[in-house]
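Architecture at a glance
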Amino acid sequence: MKGKKLLWSLVIVISLLLCGGGTGYAAVSGVCSNCHTMHNSQGGEPMRTDGPEPLTTPLSALLLNDCLGCHTTTGGDPLVGGYPYVSLATDATDDNCLAGGFFPPMSEMGMGDNNDNHHGMGNINDPAGKQTGSFYTQGATGLSCAGINGCHGNETDTDDMAAISGGHHNPSAYRILYVDDDPVLGSGAKDYEEAIIDVPSTPVETSGDTQNVNIYSAGTVGASEATISELCGKCHGVFHGANGTPANGTTNAAGEWIRHPSDEELPTDWTMGGVYVFDGNDAKNNPFGYENATYTGSPTQVTCLSCHRAHGTDNADLLRWVYTTQDAGTDTADYGCLGCHNAQR
Amino acid sequence: MKKSLVTLAVLLTAAALIAVFCGPASAKVTGVCSGCHTMHNSQGGDLVATGGPLATLLTNDCVGCHSSSDSSTTYVLGTSTVPVVNFTGGEPTTHLAGGNFYWVADAGGNRDAAGHNVLGISGKDSLSFAPGGFSCGGNACHDSLAIEHATGLSFGSGCQGCHLRPAHHADDSATVIGAEESSTDGYYRFLSGHFTGEGYGVCGIEDSDWQADPSAGDHNEYLGSSGEDKQEPRLTSIYVAFRDLGHTMTAFCCGCHGKFHQEQNTSGEWIRHPSDAGIPATGEYQYAFGSTGGGASGTYDPLVPVARATLTSVTGTVTIGGASPDMVMCLSCHRPHGSPYDDLLRWDYSDMLAGGDENTTGCFACHTKKDTGS
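Residues numbered from 1 in each chain as written. Chains lettered and ligands numbered in written order. Predicted model: local features only at pLDDT ≥ 70, side-chain atom pairs only at ≥ 80, totals over all residues. Heavy atoms only, no water.

Description of the overall build of chain A
- Of regular secondary structure, chain A possesses six helices and twelve strands.
- Relative to the 2.2 N^0.38 estimate, which gives 20 Å for 345 residues, the radius of gyration of chain A is 20 Å and therefore close to what a compact globule would have.
- Overall, chain A is about 70 × 45 × 40 Å in size when its C-alpha atoms are taken along their principal axes.
- The burial tally for chain A puts 51% of its 345 residues in the buried class. (Helix = DSSP H or I, 4+ residues; strand = E, 2+ residues; numbered from the N terminus. Rg over C-alpha atoms; globule rule 2.2 N^0.38 Å. Buried < 20%, exposed > 50% of the residue type's maximum accessible area, 1.4 Å probe, protein only.)

Below, the structure is given as structure tokens:
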């Protein structure tokens, strides 16, 4: 993936077949030929249009393109016909992206160490907070979308497509995310939060066919399930653990916080603590997680995604807002750090 | 008297010649010799065979005999039934198992993607050689079936690029045809090999009416072989098909399209659609062909034929999983002569709509979960 050329896909209109509300996961639908080629041959020419490998080399799962190739658009709209793009040719900003954020063009992918505002595909540096024993080995090609060196799919396959096999047509996990073999629990917005991000005053719909906010899991989930923060912890485990040591956890031996909590309930005396009805602005800037990804009646919990977006943002450290603008005592901001930490406003 | 004896000898000799003429699948060609042969290509001072004299003293060539403007399936000639592969009476609504050349011919719009371009039926397409194939030079059949080739002249051009050694008078009365090397039964549909495939041919059971009226229990049967390694670069030479794959239809197709049989990368992941690969009783495939799953058999669908590891008789079921599952093969998706659809497919690929819950055949005969999602 390192040094990989950004792949521009054709605009592919594929409508999402929704699998119902609650924790149902969207299965890809549409004509097979939009994504697959049986022999990578048409009229004597390969069907593949781009990619670092020679075009005559077929891709696994008989695909026309790879992850970024398919989920990159030559336009400026992150959602076209229900089809999500994580990299735009133009106009990708914190106000024009999907819930996971956005990658820059391939030519601008960051290879630095903790210097970038996105996960750099191909970056071979150790992830910040990498825990001893982490599955992530980066290998020779660095960070990839999926598999042994990525976030999506299983943790064993080297090939991205093999790692996410079944994830598009028969999804069993939130956004094809797993921790070991445990699927991450979550309920996805049908529009990947495009509307809420664009216009935070949009009324929030937390379930059903018009669900427009993600509902993340936090704290307690099923025995064979994982929270979204546990997913992040696969690579950034030091930031998620709580084993009581400064070297590897969020609390010290005395139980005091030494790193920001995740998978923790907000104190009930905080404005956003306890059972809290969030609005679009909260969803965009301070989303919460919930026990078993159940919003109704559940107290708010902080997750990794309460502050960060997974793919990238306009801001350092993939934050949803600029950390250096969080100014205690301003008494105005209700997002960012001061969104939850209302006592510090 | 002497003249009569000479005439009789010539007639008997002509009758013993192997004709370029497809006959009934389960019976060699019968009928009066003059129905197909002319001794001198002369009658009443006129030529009998247009463009003749023709090889094996025939009155017509492959295309001439196997074309019809009246029937898109078969017609009767004397005591023989002739299969039609090139219908010239308009777009056919029915056709035989191999499809029909109509759509690649001029009358059907000359669509190169709809059929094999064959000499006498359509002009050469723009390709330098067969997709997934190679060129052996000299305008060979591997370059195109639509040209007179300049190599391997012992084989005819056009139709004989695939049907290398037609044997209309061969004894094909056995249920299973072409099972042996150097078979004298003509092989399945006269499909055999040369070069490294010399002495090999396709093994199958020929439906008696060429699937003019197919059903689950009335159809061709094809031999398959799933044991070989499909990983790149296993088949480094595209000349090895029959030798490595046995007397299978897939092996025959590989003679020209061999690159497409390199179907897995070095990690074992599928990079091209499988052929001669067993249908497993796992995942969505266990419900293929209407099976209830768990290794239960499915119902044979003539639109999506499968290959069998062994052939004994025509069966109406599909074995899914187990020690010897039935296999997807090239002809599971393609018709060798032509079809209404691009890439000689049995269905319109662009109509295969994942998640639409509209198709239960085509791709979704096997990929059952991609359609219904349940």
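Read on for the rest.
Let's talk about the overall build of chain B
- Within chain B one finds five helices and twelve strands.
- Here chain B holds 374 residues, and 50% of them are scored as buried.
- Within chain B, residue pairs in contact and separated by at least 24 positions form 53% of the contacts whose partners lie at least 6 positions apart.
- With an accessible surface of roughly 16,200 Å², chain B has 55% of that area assigned to carbon and sulfur atoms. (Contact = heavy atoms within 4.5 Å. Areas by Shrake-Rupley, 256 points an atom, 1.4 Å probe, with all protein chains shown as cover.)

Examining the side chain of serine 262 of chain A
- For serine 262 of chain A, the position within the fold is in the loop between α4 (228-233) and β10 (264-265).
- Not counting residues up to four positions away in its chain, the partners in contact with serine 262 of chain A are Ser229, Phe239, His240, Val302, Thr303 and Cys304 of chain A.

A word on the pattern of salt bridges
- This model, assessed by the stated rule, comprises eight salt bridges over all chains.
- Aspartate 126 of chain A is the salt-bridge partner of lysine 130 of chain A, the closest N and O atoms lying 3.5 Å from each other.
- For lysine 130 of chain A, a relative accessible area of 29% corresponds to the partly exposed category.
- Owing to a relative accessible area of 45%, aspartate 126 of chain A belongs among the partly exposed residues under this scheme.
- Between glutamate 155 of chain A and lysine 234 of chain A there is a salt bridge, and its shortest N-O distance comes to 3.1 Å. A residue pair is termed long-range when its members are at least 10 positions apart, and glutamate 155 of chain A in the loop between β5 (83-84) and α2 (160-163) and lysine 234 of chain A in the loop between α4 and β10 qualify at 79 residues.
- By relative accessible area, glutamate 155 of chain A is classed as buried at 14%.
- By sharing partners, the salt bridges in this structure join Glu221, Arg308 and Asp326 of chain B into a single network. (Salt bridge = Lys/Arg side-chain N within 4 Å of Asp/Glu carboxyl O.)

Observations concerning the pairing of strand β2 (residues 74-77) of chain B
- In this sheet, strand β3 (residues 80-83) of chain B lies alongside β2 of chain B in antiparallel orientation, the contact comprising four bridges. Within β3 of chain B, the position partnered with leucine 77 of chain B by the bridge is serine 80 of chain B. (Pairing = 2+ DSSP bridges.)

Regarding the environment of glycine 153 of chain A
Residues and elements named next belong to chain A.
- On the secondary structure map, glycine 153 appears in the loop between β5 and α2.
- Glycine 153 sits 182 residues away from tyrosine 335 along the chain, and the two C-alpha atoms are 32 Å apart.
- Once you skip the residues sitting within four places of it in the chain, glycine 153 turns out to touch Ala163, Ile164, Ile176 and Tyr178.

A short note on the interface of chain A and chain B
- Every contact between the two is made by 25 residues of chain A and, on the other side, 19 residues of chain B.
- Taking both sides of the interface into account, the surface hidden between chain A and chain B amounts to around 1,900 Å²; carbon and sulfur atoms contribute 62%.
- The largest contributions to the chain A side of the interface with chain B come from Cys32, His39 and His169 of chain A, which together make up 28% of the buried area.
- Viewed at the interface, chain B and chain A are joined by zero salt bridges.
- Linking chain A with chain B are seven residue pairs in polar contact (both at pLDDT 80 or more), by the criterion used here.
- Tallied by class, the residues present in the side of chain A that touches chain B amount to ten nonpolar, 13 polar and two charged.
- Two strands pair when backbone bridges link them, and strand β3 (residues 30-31) of chain A and strand β12 (residues 353-354) of chain B are joined in this way by two bridges, in the antiparallel orientation. Along β12 of chain B, the bridge assignment pairs valine 31 of chain A with leucine 353 of chain B. (Buried area = accessible area lost by both parts, 1.4 Å probe. Polar contact = N/O pair within 3.5 Å; in protein donor to acceptor, adjacent residues only side chain to side chain. Nonpolar A, V, L, I, M, F, W, Y, C, P; charged D, E, K, R; others polar.)

Quick notes on the packing of aromatic side chains
Residues and elements named next belong to chain A.
- Applying the stated criterion across every chain yields a total of eight aromatic pairs over all chains.
- Ring geometry for tyrosine 83 versus tyrosine 85: centroids 5.1 Å apart, planes at 55°, classification tilted.
- A centroid spacing of 5.9 Å and a plane angle of 85° characterise the contact between tyrosine 276 and phenylalanine 288, whose relative ring orientation is edge-to-face. Residue tyrosine 276 is located in the loop between β10 and α5 (280-285), and its partner phenylalanine 288 is located in the loop between α5 and β11 (289-290); the two are separated by twelve residues in the primary sequence.
- By relative accessible area, tyrosine 276 is classed as buried at 16%.
- Against the face of phenylalanine 135 rests lysine 234, its NZ or CZ located 4.6 Å from the ring centre. (Phe/Tyr/Trp six-rings, centres within 6.5 Å; stacked < 30°, edge-to-face > 60°. Lys NZ or Arg CZ within 6 Å of the ring centre and 35° of its normal.)

Comments concerning the nonpolar core
- Core analysis: the largest hydrophobic core is formed by 37 residues, its most contacted members being Val202, Tyr222, Met249, Ile279, Phe289, Val318 and Met352 of chain B.
- Of all the elements in the fold, those that place two or more residues in this core are α3 (241-245) and α4 (249-257) of chain B.
- By residue number, the principal contributor to this core is α4 of chain B, which donates five residues.
- The contacts of isoleucine 279 of chain B, once residues within four sequence positions are left out, are Tyr285, Ala288, Phe289, Val306, Val318, Ile320, Gly321, Pro325, Asp326, Met327, Val328 and Cys366 of chain B.
- Within the second largest apolar cluster, 27 residues are counted, among which are Val213, Tyr216, Tyr276 and Tyr295 of chain A. (Core = buried A, V, L, I, M, F, W, Y, C linked by side-chain atoms within 4.5 Å.)

A look at unusual backbone geometry
Residue and element names in this part refer to chain A.
- The backbone phi angle of asparagine 292 is positive, close to 55°, even though this residue is not glycine.
- Inspection of the secondary structure puts asparagine 292 in the loop between β11 and β12 (301-302).
- When its relative accessible area of 31% is taken as the criterion, asparagine 292 is described as partly exposed.

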